[in-house]
Amino acid sequence: MDRRDEIRPGEVVVTAPEPHDAGLVFIGRIHTPWQSRSECPRQGRQDGPVCRIEILEPWVAALKGIENFAQLEVLYWLDKSRRDLVEQNPKHSGRTTGTFALRSPMRPNPIGTSLVKLERVEGNSLFVRGLDCLDGTPLVDLKPDHCDFSPNGRTGDFQKA
């Protein structure tokens, strides 16, 4: 057990209901230098190490055009995280905060999100900076940074600003 999984003073744990399948399909895996939560940064930095996002078939064709964007939003499943904390004691601060008021990976539905800098695309792999997850983390989705889009009223499509 990683020491960061321990219950800290003042934290509140609940008996979480059994998860129901939301129908998620993991579209790939994220490859980072971090093997444990204690090694992993709390927040990704766009000057951090280059990490690889591997897209699996049949989703590789969905990458078409992604190279046109400097930043991407990456959604991933924090599969190693606790799901039963409702109040947490961040950084052993001595005071507790509700899970929804924190960016902690320990959540009822452990979905992580990072805004990353796209360095390059090679086949089914994206090389990015700015991740903060463990090696092998399942990938939920990728989206261009929403700030790169503005609506086009005539067609209803979104075009790069």
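Our subject is the structure that appears above.
So, here is what we can say about the structure in this document. (Residues numbered from 1 in each chain as written. Predicted model: local features only at pLDDT ≥ 70, side-chain atom pairs only at ≥ 80, totals over all residues. Heavy atoms only, no water.)

To continue, consider the pattern of salt bridges. Going through the model one piece at a time under the given rule, you end up with 6 salt bridges. K80 serves as the salt-bridge partner of D79, at 3.4 Å between the closest nitrogen and oxygen. Judged by relative accessible area, D79 falls into the partly exposed class, the value being 38%. Several salt bridges share partner residues, and in doing so they unite K117, E119 and R129 into one network. (Salt bridge = Lys/Arg side-chain N within 4 Å of Asp/Glu carboxyl O. Buried < 20%, exposed > 50% of the residue type's maximum accessible area, 1.4 Å probe, protein only.)

Further remarks concern the packing of aromatic side chains. Applying the stated criterion across every chain yields a total of 0 aromatic pairs. Over the aromatic face of F127 sits the side chain of R120, whose NZ or CZ is 4.0 Å from the ring centroid. (Phe/Tyr/Trp six-rings, centres within 6.5 Å; stacked < 30°, edge-to-face > 60°. Lys NZ or Arg CZ within 6 Å of the ring centre and 35° of its normal.)

A word on a nonpolar patch on the surface. There is a patch of nonpolar side chains on the surface, built from V12, V14 and V86 and spanning about 180 Å² of accessible area. Tracing the backbone shows V14 in the loop between β1 (12–13) and β2 (28–31). (Patch = residues over 30% accessible without salt bridge, like charges linked within 9 Å, V, L, I, M, F, W, Y side chains within 5 Å. Areas by Shrake-Rupley, 256 points an atom, 1.4 Å probe, with all protein chains shown as cover. Helix = DSSP H or I, 4+ residues; strand = E, 2+ residues; numbered from the N terminus.)

On to the pairing of strand β8 (residues 125–129), then. In summary, the side chains of a regular strand alternate between the two faces of the sheet. Within β8, 4 of the 5 residues are buried, leaving the element largely enclosed by the surrounding structure. Strand direction decides the pairing type here: strand β3 (residues 50–55) and β8, joined by 5 bridges, are antiparallel. In the strand pairing of β8, V50 is matched with R129. When strand β7 (residues 111–122) meets β8, the two strands line up antiparallel, connected through 5 bridges. For V121, the partnering residue across the bridge sits in β8 and is L126. Taking the residues that link successive antiparallel strands as the turn, the β7-β8 hairpin has 2 residues, and the phi of G123 there is positive, at about 60°. (Pairing = 2+ DSSP bridges.)

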